[in-house]
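Each chain, letter by letter, is given below.
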Amino acid sequence: MKQSFVTAAQLEEITKQYQTPFHLYDEAAIRQKARDLYQAFAWNSGFKEYFAVKATPTPAILKILQEEGCGVDCASYVELLMCDKLGFKEDDVMFSSNNTPNEEFQLARKLNVTINLDAYEHIESLKQAGSIPEIISCRYNPGGTFSLGTDIMDHPDESKFGMTKAQLIQAFKELKQLGVKKFGIHSFLASNTVTNDYYPTLARELFKLAVEVVLATDVHLDFINLSGGIGVNYKPEEVANDIFKIGDGVRAAYEEVLGAAGLDKVKIFTELGRFMLAPHGHLITKVLHKKETYRTYIGVDASAVNLMRPAIYGAYHHITIAGKDTALPTTTVDIVGSLCENNDKFAIQRKMPEISVGDTLIIHDTGAHGHSMGYQYNAKLRSAEILLQTDGSTRLIRRAEKPEDYFATIAGFDF
Ligand SMILES: *Cc1c(COP(=O)(O)O)cnc(C)c1O
């Protein structure tokens, strides 16, 4: 059973204070997650997590992660600006962008953050950006399919990201000539993996590549960035990943491959987003209407603008009813928002306990790629974000948008 991190009584208090819908985050669990991750990789003395900002670009959340020792992984101009203002400096920041506009390279160089080059061709852009950094990373794409055992996990050959092995080796040689002193290797081969084998398998592949690349180029390899991709158990029948097993698996590969080749000072970096935050956020919404036609529709005050994943990926998010955690499913419903789009459904033909108008629904695992993917279709506004703090009190960390916010960018009319 999927548990909520708030009790029904707590939620009743919180919904008296803040109007639904809103995203609610669990500070204590976020801190614990970061501590577990650092513990699991404590065997590697340079280990660092660069939280993937796109998952939850919320300053109060980024500050919590910063206090727990994390850096940030940025992919755009504004993410870089925001993280700079939050005090993430130089090697606290990984810039893993792609199809990168020149002004973004210029800002990345000005801030002296670690650039993770997505394309061999971007070496030219980097030269144009003015100066060559002392440290740089290159993103690898092995092509083909990526499998774990007999399961095909993803198709790197269809992915726009990264460079081929030959390009990576050539890039290292050229960048070394241009004055780069230290190098990193990065790769992201599968998303939302619910298995403890993804990271160890990816790591082994990257470690072998690293040995080959160092032999071919004689560069100083500073780090290997395993990137994101460790997933979460969105479905109640799935088992959560065990970060300690994952850390042990990476360690075994490290000792066997890098250790044996004398590359035992290489730092391990991660850029986890979903794994760090998804389970520690809920989208809280109230039931406005019940409608009976060919199906039973439960209409809530949130919509796909607050959580886009079900609409665009058909993603499953578990939904529970506050105060009815142990009630058995007796009815089959579609749980829907109010957009004029029939894909605006949080659940389709879901077996649920009896739901009444006025009930508070908890949509689980929305802490990553939830609020951040929000948009304003139908002139629906983005919701507030609330932090459930370690002491049990709540704090507004982003207010809900107001009509004035929507009108603010319109030119030629005065609303
Ligand atoms: C999205 C992304 C991540 C985070 O991925 P998760 O699946 O959320 O862990 C990390 N690195 C890069 C470059 C990304 O684009």
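Residues numbered from 1 in each chain as written. Predicted model: local features only at pLDDT ≥ 70, side-chain atom pairs only at ≥ 80, totals over all residues. Heavy atoms only, no water.

Regarding the nonpolar core
Okay, so step 1: Leu 117, Leu 175, Tyr 199, Phe 207 and Ile 224 are the most contacted members of the largest nonpolar core, which totals 86 residues.
Okay, so step 2: Broken down by element, the residue count for this core peaks at 10 residues, all from helix α8 (residues 198–217).
Okay, so step 3: A domain split of this core shows at least three residues from each of domain 1 (27–278) and domain 2 (279–407).
Okay, so step 4: For Leu 175, the contacting residues outside a window of four places in its chain are Leu 117, Ile 123, Leu 126, Ile 136, Cys 138, Val 180 and Phe 183.
Okay, so step 5: Of all hydrophobic cores here, the second largest spans 16 residues; its members include Val 300, Ala 302, Ile 321 and Leu 361. (Core = buried A, V, L, I, M, F, W, Y, C linked by side-chain atoms within 4.5 Å. Buried < 20%, exposed > 50% of the residue type's maximum accessible area, 1.4 Å probe, protein only. Helix = DSSP H or I, 4+ residues; strand = E, 2+ residues; numbered from the N terminus. Domains from an automatic or database assignment. Contact = heavy atoms within 4.5 Å.)

With respect to the packing of aromatic side chains
Okay, so step 1: Tallying each qualifying case throughout the model produces 14 aromatic pairs.
Okay, so step 2: Here Tyr 18 and Phe 22 contribute two aromatic rings whose centre-to-centre distance is 6.2 Å and whose plane-to-plane angle is 65 degrees, an arrangement assigned as edge-to-face.
Okay, so step 3: Look at Phe 22 and you get buried, because its relative accessible area is 0%.
Okay, so step 4: Taken together, a centroid distance of 6.0 Å and an interplanar angle of 40 degrees make the contact between Phe 41 and Trp 43 tilted.
Okay, so step 5: For Trp 43, a relative accessible area of 22% puts it in the partly exposed group.
Okay, so step 6: Linked through ring pairs, Tyr 38, Phe 41, Trp 43, Phe 47, Phe 207 and Tyr 254 together constitute an aromatic cluster.
Okay, so step 7: Here the basic side chain of Lys 33 rests over the ring of Phe 275, its NZ or CZ set 4.3 Å away from the ring centre.
Okay, so step 8: Its end group placed over the ring of Tyr 50, Lys 48 keeps NZ or CZ at 5.9 Å from the ring centre. (Phe/Tyr/Trp six-rings, centres within 6.5 Å; stacked < 30°, edge-to-face > 60°. Lys NZ or Arg CZ within 6 Å of the ring centre and 35° of its normal.)

A few points about the pairing of strand β18 (residues 384–388)
Okay, so step 1: Of all 5 residues making up β18, 5 are buried, and the element is well covered by its neighbours.
Okay, so step 2: Here β18 shows two buried faces, one formed by Ala 384, Ile 386 and Leu 388 and the other by Glu 385 and Leu 387.
Okay, so step 3: Where strand β1 (residues 22–26) lies against β18, 5 bridges are found, and the strand directions are parallel. Opposite His 23, over in β18, you have Glu 385 as the bridge partner.
Okay, so step 4: For β18 and strand β19 (residues 394–398), the ladder comprises 4 bridges, and the chain directions are antiparallel. Within β19, the residue paired with Leu 387 across the bridge is Arg 395.
Okay, so step 5: Linking two consecutive strands that pair antiparallel, namely β18 and β19, is a turn of 5 residues; a positive phi of about 90 degrees is found at Gly 392 within it. (Pairing = 2+ DSSP bridges.)

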